[in-house]
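# Commentary on secondary and tertiary structure
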Amino acid sequence: MGESNFGGGPDETPDERITRNWNELLQELRVLQTGVQILTGFLLTVPFSPRFPDLADHQQAIYLVVLVGAVVTTCLIIAPVSFHRMLFRRRQRRWLVTASHICARAGLVGFGIVSALVVLLVFDIVLSFGAGVVAALGVVVLFLSLWAGLPLLNGRNNSH
């Protein structure tokens, strides 16, 4: 089986490649959007829970940072939709793919950070701030290992 089974190939034109890149990016964003939107929606309900006023000041501050981070992440991963609507039929697909790729990468970083901060907040409330820091750092290591480490390791192994 040739290279074309994994997308692209020697006969792929630049226009076909950019269209394939756009379609692949959209599929990736759909996965990310679901997780971020569920997390953001849940976070929006937290201040209305009866125990929210009982949180320590630093816990409420962490919550607000997490909420803003989730909203910024949501904005980043939905931005490509707006880009597409604004540039529809204007032959800007190369710019669209490049800008959307940047937003998707930033959205992944944002989701990783927000996820770690959510773990920090929950562990802080349930156990202690110290336990929250340890757990959050564990989440950061996990995200970095899976999302960056494994792909980079694979790329290094395939380059020989």
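Here we summarise the structure given alongside this text. (Residues numbered from 1 in each chain as written. Predicted model: local features only at pLDDT ≥ 70, side-chain atom pairs only at ≥ 80, totals over all residues. Heavy atoms only, no water.)

Attention now moves to the packing of helix 1 (residues 14-45) against helix 3 (residues 93-126). Geometry of a packed helix pair, given as the angle between the helix axes and the separation of the axes. Orientation of helix 1 relative to helix 3, taken along the N-to-C sense of each, is 25°, at an axis distance of 10 Å. Considering their axes alone, helix 1 and helix 3 lie roughly parallel with respect to each other. Handedness of the helix 1/helix 3 crossing: left-handed. For the pair helix 1 and helix 3, the contacting residues are Pro14, Ile18, Thr19, Asn21, Trp22, Leu25, Leu29, Leu32, Gly35, Val36 and Leu39 in the first and Arg93, Arg94, Leu96, Val97, Ser100, His101, Ala104, Gly107, Leu108, Phe111, Val114 and Val118 in the second. When grouped by side-chain class, the residues that make up the contact of helix 1 with helix 3 number 15 nonpolar, 6 polar and 2 charged. (Axes fitted to C-alpha atoms, helices over the stretch in contact; angles between N-to-C directions. Helix = DSSP H or I, 4+ residues; strand = E, 2+ residues; numbered from the N terminus. Parallel < 35°, antiparallel > 145°, perpendicular 65-115°, else oblique. Left-handed = near helix turned anticlockwise from the far one by under 90°. Contact = heavy atoms within 4.5 Å. Nonpolar A, V, L, I, M, F, W, Y, C, P; charged D, E, K, R; others polar.)

So, on to the side chain of Ser100. Considering the arrangement of structural elements, one finds Ser100 in helix 3. For Ser100, the contacting residues outside a window of four places in its chain are Trp22, Leu25, Pro80 and Phe83.

All right, on to the pattern of salt bridges then. This model, assessed by the stated rule, comprises 1 salt bridge. Here Glu24 and Arg20 are joined by a salt bridge, their closest N and O atoms 3.2 Å apart. Here Arg20 and Glu24 lie together in helix 1, a separation of 4 residues that amounts to about one turn. For Glu24, a relative accessible area of 34% gives the class partly exposed. (Salt bridge = Lys/Arg side-chain N within 4 Å of Asp/Glu carboxyl O. Buried < 20%, exposed > 50% of the residue type's maximum accessible area, 1.4 Å probe, protein only.)

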